[in-house]
Amino acid sequence: MSLEPRAGQTPSILKKSTWIDFGIRLTAVILALVFTSLILVIAKAQPLEAYKSILQGAFGTTIKFTSVIASWVPLVIATSGLLFTFTAGLWNIGMEGQIVMGAVFTVGAFRIFDETGLDPSLVIFLAFLAGAAGGIFWALLPGLMKIYGGVNEIFGGLGLNFVAKTAAIWLIFGPWKRPGVASGSGTEWIDIPFRLPYIPGTNLSLTILIIAIIVAVFTAIMLKGTHFGLRLKAIGKNDKAAYILGIPTTRYFLLAFGLCGLFAGIAGAILVTSKQYSLIPDAGFGYGFLGLLVAMLVNYHPIWSAVIAFFFAALSIGNTELQYMGLNSYFAGVLQGFLVLFVVLVDGVRKRLVTKL
Amino acid sequence: MDVATLTTLAGIVEYAVPVLFASIGENFTEKAGLINLSVNGTIILSAMSGFVVAMTVDSIFLGFLVGAVVGAIVAAIVAFSSITLKQSQVAIGFVLALLCRDLAYFLGAPYTNKPGLFLSKVPIPVLADIPFIGPVFFNHSLVVYASYLFIIIAYVFMFKTRSGLMLQGIGERPSAAFARGANVKALRYFYTILGGLLIGLAGPMYSLAVKIGWAGQLSGLDGIGWIALAITIFGGWNPLRVAFGAYLFGGLQQLGITLQSTTNIPIQILQAAPFPLMIFTLLLVNVGRAEWVDRELAAMPEKPRIVLSKILRALRTSPPASLGVPFENE
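Keep in mind it's a predicted model, so treat the numbers as computed, not measured.

K.L.:
Just give me the short version of the overall build of chain A, but keep the residues and values in it.
P.N.:
Of regular secondary structure, chain A possesses 13 helices and zero strands. Beginning at the N terminus, the succession of helices and strands in chain A can be written as α-α-α-α-α-α-α-α-α-α-α-α-α. The C-alpha atoms of chain A give 21 Å as radius of gyration, which agrees with the globular expectation for 357 residues (21 Å, within 12%). Along the first, second and third principal axes, the C-alpha atoms of chain A reach 70 × 55 × 30 Å. For chain A, the proportion of its 357 residues judged to be buried stands at 57%. Of the accessible surface of chain A, which amounts to about 14,800 Å², a share of 70% is contributed by carbon and sulfur atoms. Distance between charge centroids for chain A: 13 Å, based on 24 positive and 14 negative side chains.

Here it is in structure tokens:
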């Protein structure tokens, strides 16, 4: 069964920025806004007021704005990882579970090194390494199942998402439960020295911002400027042809999964050390799925992932403001979903028009 | 046989019903050569809209109808994007899976935990009095009886009628079917929308019959659609085997409910139990095709080799040959 995306099939909004293309993409955005506004009207809310309060919620204060950046960090890291698998023609839908596993391993490392008296920054470093290992481990599983078991990576990844979440829940209620009573609200918080400090007056840790920039630049260079990136792209376009031309496709598939898992693990470690400070059942916060949407929008263009991820992060943060209008925070998902949907559809219409001309 | 066992068995039969409709619906779509990956979102959205409509207009029938229409519309978007626009089927399906779920949670918020309508049990006279069989199979709501008929109709249609043969043709060798006069694209549209309609029915089956009510993200429906997709593969694109998979899943869910009352395993763990099993069964049905398995088998002594390859061949399923491949008339 050929579920793998082919380069020609995958949606890409930002390929050649000619004016016509720009206009077509703008159409997609407008359509998405029209449909989202319609949904707001159905929910008996004033659309303009809702959009205004989202902007308020995202950029109204320094705290809010830095929260957007803090949320941009794991999203751009997740997207970067997914660009590797996308380029290789793989749908790593297991990203969410890989982030959860990263968080699990990070918390596990803190529990081990907690009492050893090691320097806190060394412990944090070790915890990040553990998180990375957890992510890589969980990402290689769907890769191995695809290559040696014939299981499509979409189904392998989906199943593993749930297994990772179950593992987290089991740890929270079982071996890692809080002293006294186990609770769905998570494990015990890590000690203060292990938490990454925020820049005073903000909600943002400088360390994670630096990590995100390094990851994004690394991804752009690897995919755009190296033989590795070119080979990965060749595999994504046609893996059989690439194999015949001498590219070890199996190894590259696993490398793409491994790199994606590495970034997933780092994202998980970041969420533990700078946001949640503990392991919770929903340790991935949906960043894996959101990252897939962003990666679909930007396709092979790592530079744009930073921009789109910022927009998505602003939506997700700003959208919490809607509770004052009596709406819940699934609105961001609705707008993001419509956006990707219409980009895919409008892009299809554009291609159809181009071939007809 | 004691009452508790009978209740459990009856529960399995009931819990399997929505998954059964969704999986066989997807079976129709995939037989025609398309993949509708939106199942998970479709079920949640149609469960919400079916529940809300039934409650507001006081009609269970309209609730089911709206659920089916929601499923058909989502499937029509998948069909348009894949068949007419030739965009990636995975992309559109995945986006719709997320979008429909969030739409359901967003629009359904005001109706969370509100009392609504539900289908009551209608024991079938005479049949319901047969010991064992009666309480397990014939003391249910109408949707359960509909599912018995549906399995048979789906099987007979797919494998014993001319239209069914045509359906197989457009999924296996669309160019040959086209040469023999089939309108491949129109038929693919038809079966994708038909499949979506059946998937859409699964939603109100939950909210109006099997897992009554709407509780937002706590409705416990998130994830079932992905399982339904896996069951279609597990069932080898054969409605009978797919139905068997759905009953297995129903059994696992019932087992969870039973274990929950007798042990202190957290409910979340029991709810997730089918997923590792799903991966395992997918490995089982797929591994027979892997190259390294052939190599290993060839190196084995004769007796275990024959037994093993027989088992693997019995488990192995193969998808319609043109599944996921766009079709061009020219």
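K.L.:
Could you give an account of the overall build of chain B, with specific residues and numbers?
P.N.:
Within chain B, the regular secondary structure consists of 15 helices and two strands. For a compact globule of 330 residues, the expected C-alpha radius of gyration is about 20 Å, and chain B comes in at 21 Å, within 12% of that figure. Across chain B, the fraction of contacts at a sequence separation of at least 24, relative to all contacts at a separation of at least 6, is 77%. Of the roughly 13,900 Å² that chain B leaves accessible, carbon and sulfur atoms contribute 68%. On chain B, the mean spot of the 20 positive side-chain charges and the mean spot of the 15 negative ones are 8 Å from each other.

K.L.:
I'd like to hear about helix α11 (residues 239–262) of chain B, residue by residue, with values.
P.N.:
For α11 of chain B, built from 24 residues, the straight-helix expectation of 34 Å at 1.5 Å per residue is met to within 8% by its first-to-last C-alpha distance of 34 Å. The N-cap of α11 of chain B, judged by a side-chain oxygen 2.9 Å from the amide nitrogen of Leu240 of chain B a few residues on, is Asn238 of chain B.

K.L.:
Give a detailed account of the confidence of the model for chain A, specifying residues and quantitative values.
P.N.:
On average, residues of chain A carry a pLDDT of 89, and 94% of them reach 70 or more. pLDDT under 50 marks residues 1–15 of chain A. Its contacts with residues more than four places away, or in other chains, come to 59 contacts.

K.L.:
Give a detailed account of the interface of chain B and chain A, specifying residues and quantitative values.
P.N.:
Taken together, the contacts link 49 residues of chain B with 49 residues of chain A. Across the chain B to chain A interface the summed buried area is about 4,400 Å²; carbon plus sulfur atoms make up 80%. On inspection of chain B and its partner chain A, the count reaches zero salt bridges. Our enumeration of links across chain B and chain A arrives at five residue pairs in polar contact (both at pLDDT 80 or more).

K.L.:
Hey, could you go over the nonpolar core for me, with residue numbers and the actual values?
P.N.:
For soluble globular proteins, the rule of thumb is that nonpolar side chains tend to be buried together. Within the largest apolar cluster, 214 residues are counted, with the highest numbers of intra-cluster contacts made by Ile77, Leu279 and Phe312 of chain A. Broken down by element, this core gets its largest block of residues, 15 residues, from helix α4 (residues 89–107) of chain B. Apart from residues lying up to four places away in sequence, Leu279 of chain A is in contact with Ala103, Val104, Val107, Ala168, Leu171, Ile172, Trp176, Gly186 and Thr187 of chain A. Listed in part, the five residues of the second largest apolar core include Ala290, Val293, Leu297 and Leu312 of chain B.

K.L.:
Tell me about helix α12 (residues 302–318) of chain A, and please be specific about residues and values.
P.N.:
If you check α12 of chain A, its first and last C-alpha atoms are 24 Å apart, about what 17 residues at 1.5 Å a residue would give, namely 24 Å. Within α12 of chain A the residues assigned to the buried category are Pro302, Ser305, Ile308, Ala309, Phe312, Ala313, Ala314, Leu315 and Gly318 of chain A.

K.L.:
With reference to specific residues and values, describe the domain arrangement of chain A.
P.N.:
Residues and elements named next belong to chain A. When the domains of chain A are assigned, the result is domain 1 (17–45 + 327–357) and domain 2 (62–325). The centre of domain 1, based on its C-alpha atoms, is set 27 Å off from the matching centre of domain 2. Contact with domain 1, which involves eleven residues of that partner, is made by twelve residues of domain 2. Buried surface at the junction of domain 1 and domain 2, both sides included, amounts to about 1,100 Å², of which 78% is carbon and sulfur. In terms of surface lost to domain 2, no three residues of domain 1 exceed Leu327, Gln336 and Val340, which account for 52% of the buried area on that side. At the junction of domain 1 with domain 2, the criterion picks out zero salt bridges. For the interface between domain 1 and domain 2, the tally reads seven residue pairs in polar contact (both at pLDDT 80 or more). A per-class count over the side of domain 1 that touches domain 2 returns eight nonpolar, three polar and no charged.

K.L.:
With reference to specific residues and values, describe the pattern of salt bridges.
P.N.:
Residues and elements named next belong to chain A. Taken as a whole and judged by the stated rule, the model has seven salt bridges over all chains. The salt bridge involving Glu153 is made with Lys146; its shortest N-O contact spans 2.8 Å. For Glu153, a relative accessible area of 2% translates into the label buried. For the salt bridge of Arg350 with Asp347, the shortest nitrogen-to-oxygen distance reads 3.0 Å. One end of the pair, Arg350, and the other, Asp347, are both in helix α13 (residues 331–356), three residues apart, so they sit about a helical turn from each other. Under the relative-accessibility criterion, Arg350 is labelled buried at 16%. Ionic contacts of the salt-bridge type, sharing partners, join the residues Arg25, Asp347, Arg350 and Lys351 into one network.

K.L.:
Quick rundown of the packing of aromatic side chains? Include the residues and the values.
P.N.:
All names here are of chain A. Here the structure, examined in full by the defined rule, presents 33 aromatic pairs over all chains. Considering the side-chain rings of Phe84 and Phe263, the 6.1 Å spacing of their centres and the 55 degrees angle between planes classify their relative orientation as tilted. Placement of Phe84 in helix α3 (residues 62–87) and of Phe263 in helix α10 (residues 249–276) is noted, with a sequence separation of 179 residues between them. Linked through ring pairs, Phe84, Phe218, Phe228, Tyr252 and Phe263 together constitute an aromatic cluster. Sitting over the ring of Tyr277, Arg195 keeps its end group 4.8 Å from the ring centre. One residue, Lys275, lies across the ring of Phe285, its end atom 4.8 Å from the ring centre.

Definitions and limits used
Residues numbered from 1 in each chain as written. Chains lettered and ligands numbered in written order. Predicted model: local features only at pLDDT ≥ 70, side-chain atom pairs only at ≥ 80, totals over all residues. Heavy atoms only, no water. Helix = DSSP H or I, 4+ residues; strand = E, 2+ residues; numbered from the N terminus. Rg over C-alpha atoms; globule rule 2.2 N^0.38 Å. Buried < 20%, exposed > 50% of the residue type's maximum accessible area, 1.4 Å probe, protein only. Areas by Shrake-Rupley, 256 points an atom, 1.4 Å probe, with all protein chains shown as cover. Lys, Arg positive; Asp, Glu negative; His and termini not counted. Charge placed at Lys NZ, Arg CZ, Asp CG, Glu CD. Contact = heavy atoms within 4.5 Å. Expected span 1.5 Å × (residues − 1). Polar contact = N/O pair within 3.5 Å; in protein donor to acceptor, adjacent residues only side chain to side chain. pLDDT = per-residue confidence, 0-100. Buried area = accessible area lost by both parts, 1.4 Å probe. Salt bridge = Lys/Arg side-chain N within 4 Å of Asp/Glu carboxyl O. Core = buried A, V, L, I, M, F, W, Y, C linked by side-chain atoms within 4.5 Å. Domains from an automatic or database assignment. Nonpolar A, V, L, I, M, F, W, Y, C, P; charged D, E, K, R; others polar. Phe/Tyr/Trp six-rings, centres within 6.5 Å; stacked < 30°, edge-to-face > 60°. Lys NZ or Arg CZ within 6 Å of the ring centre and 35° of its normal.

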